[in-house]
Amino acid sequence: MIVILTCFTACKPKLKNGTMLTDAGGNQYAAVTEENGGIARDDAGNLLVLVTDANGKNVKGDDGEYLTNPVAIKNAIVIGNKVECKEFSATIPDGWSNAHSTTGLSIKKDNSDRALVINPLDGSLDDAISNVLLLINAMRTTYPDTVYVSKAEDLGNYKTTFISAFVPDTGSTPSYLAYYFFEYEHTVYSCRITAAQDISNDLGEFKDIINSVQFR
């Protein structure tokens, strides 16, 4: 029988047109890779996995081509400077690093406290906004001098609802919290921004990253 996903710690498989990858859940895949450094997917967004034998070598079909099988992506896969998630993929910009991406994108700006997390959400856009407003209203109750902003904002690729709160002089980090919410192909996405400083006038880099996301 053909063994599809085989990996031995003592002997790495000699794959052609692919590489062994481990997702955020610890699952290993003999993934087909593309020239741009990302992973290959089928039209449904599934990961294309090379079929390998018991020795971890590629298996060819009757036509002489390497066999592949589609596998649904459940956890984030980091390959080079790309993060591949079930619903989307994103390139980690220069000066940023992966920060334990799990089901979505989680990155942090190097040598700073700035971070961005992008995740798909269950439920409606109104539900997502209401949940965040509950959190921010609690912050405003505890810290009456919280600077709060809520507005519609067009990022270019997406029409979003933007909500932010900055709590000055709490002595804790992060004290700046912001969200961009938008809906794409019937799925709601949350883009959470955190920092220790008030960066309300310096969100351009975050917007660029959000706009660069490629959805499946």
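Located above this text is the structure these notes cover.
Residues numbered from 1 in each chain as written. Predicted model: local features only at pLDDT ≥ 70, side-chain atom pairs only at ≥ 80, totals over all residues. Heavy atoms only, no water.

Quick look at the nonpolar core now. Side chains of a nonpolar character, in soluble globular proteins, are inclined to be buried together. If you look at the biggest cluster of nonpolar residues, it comprises 30 residues, and the most contacted ones within it are Leu116, Tyr176, Ile193 and Ile210. Contributions of two or more residues to this core are made by β7 (88-91), β9 (105-109), β10 (115-121), β12 (159-166), β13 (176-184), β14 (187-195) and α2 (204-212). In contact with Tyr176, not counting residues within four places along its chain, are Phe162, Ser164, Ala165, Phe166, Ile193, Thr194, Ala195, Gln197, Asp198, Ile199, Ser200 and Leu203. Leu21, Ala30, Val32 and Leu50 belong to the second-largest nonpolar core, a separate cluster that totals 15 residues. (Core = buried A, V, L, I, M, F, W, Y, C linked by side-chain atoms within 4.5 Å. Buried < 20%, exposed > 50% of the residue type's maximum accessible area, 1.4 Å probe, protein only. Helix = DSSP H or I, 4+ residues; strand = E, 2+ residues; numbered from the N terminus. Contact = heavy atoms within 4.5 Å.)

Right, let's get into the packing of aromatic side chains. Evaluated as defined, the whole model comprises eleven aromatic pairs. Between Phe88 and Tyr189, the ring centres sit 6.2 Å apart and the planes meet at 75 degrees, which makes this aromatic pair edge-to-face. You can see Phe88 sitting in strand β7 and its partner Tyr189 sitting in strand β14, a full 101 residues away along the chain. With respect to class, Phe88 is no different from Tyr189; both count as buried. Ring geometry for Trp96 and Phe206: centres 5.6 Å apart, planes at 90 degrees, overall edge-to-face. Highlighted residues: Trp96 in strand β8 (residues 96-98) and Phe206 in helix α2, separated in sequence by 110 residues. Here a set of aromatic residues connected by ring pairs shows up, and it is made of Phe88, Tyr158, Phe182, Tyr184, Tyr189 and Phe215. (Phe/Tyr/Trp six-rings, centres within 6.5 Å; stacked < 30°, edge-to-face > 60°.)

For Ser101, the position within the fold is in the loop between β8 and β9. A polar contact of 2.6 Å, which involves the side chain of Ser101, links it to the side chain of Asn98. There is a polar contact of 2.9 Å between the side chain of Ser101 and the backbone nitrogen of Ser106. Among all residues touching Ser101, those that are not within four sequence positions of it are Ala24, Ala76, Val83 and Ser106. (Polar contact = N/O pair within 3.5 Å; in protein donor to acceptor, adjacent residues only side chain to side chain.)

Moving on, we come to α2. Think of an α-helix as 3.6 residues a turn; residues three or four steps apart then line up on the same face. Residues of α2 that are buried include every one of Phe206, Ile209, Ile210 and Asn211, and no others. Looking at the buried side of α2, the elements it contacts are β8, β9, β10, β13 and β14.

Once that is clear, we can look at the environment of Asn46. Looking at the secondary structure, you find Asn46 in the loop between β2 (28-32) and β3 (47-50). When the C-alpha positions of Asn46 and Ile73 are compared, they lie 6.1 Å apart, and in sequence the two are 27 residues distant. Contacts of Asn46, omitting those with residues within four sequence positions, involve Ala40, Arg41, Pro70, Val71 and Ala72.

Read from one edge to the other, the open sheet built from seven strands follows the order β8-β9-β10-β14-β13-β12-β11, with strand pairing classed as antiparallel. Looking along the sheet, the strands with just one partner apiece sit at the ends: β8 and β11 (147-154). Averaged over all neighbouring strand pairs, the angle between strand axes comes to 20 degrees, with direction disregarded. In the sheet, β8 pairs with β9 via three bridges, with the strands oriented antiparallel. The partner of Ser97 across the bridge, within β9, is Lys108. Sheet strands touched by helix α1 (residues 125-142): β10, β11, β12, β13 and β14. Its angle to β13, the strand with the most contacts, is close to 170 degrees. (Pairing = 2+ DSSP bridges. Axes fitted to C-alpha atoms, helices over the stretch in contact; angles between N-to-C directions.)

Let's shift gears to the environment of Tyr176. Locating Tyr176 in the fold gives a position in strand β13. Classification of Tyr176 by relative accessible area gives buried; the value is 1%. Put simply, Tyr176 and Ala195 are 19 residues apart on the chain and 5.1 Å apart in space, counted from C-alpha to C-alpha.

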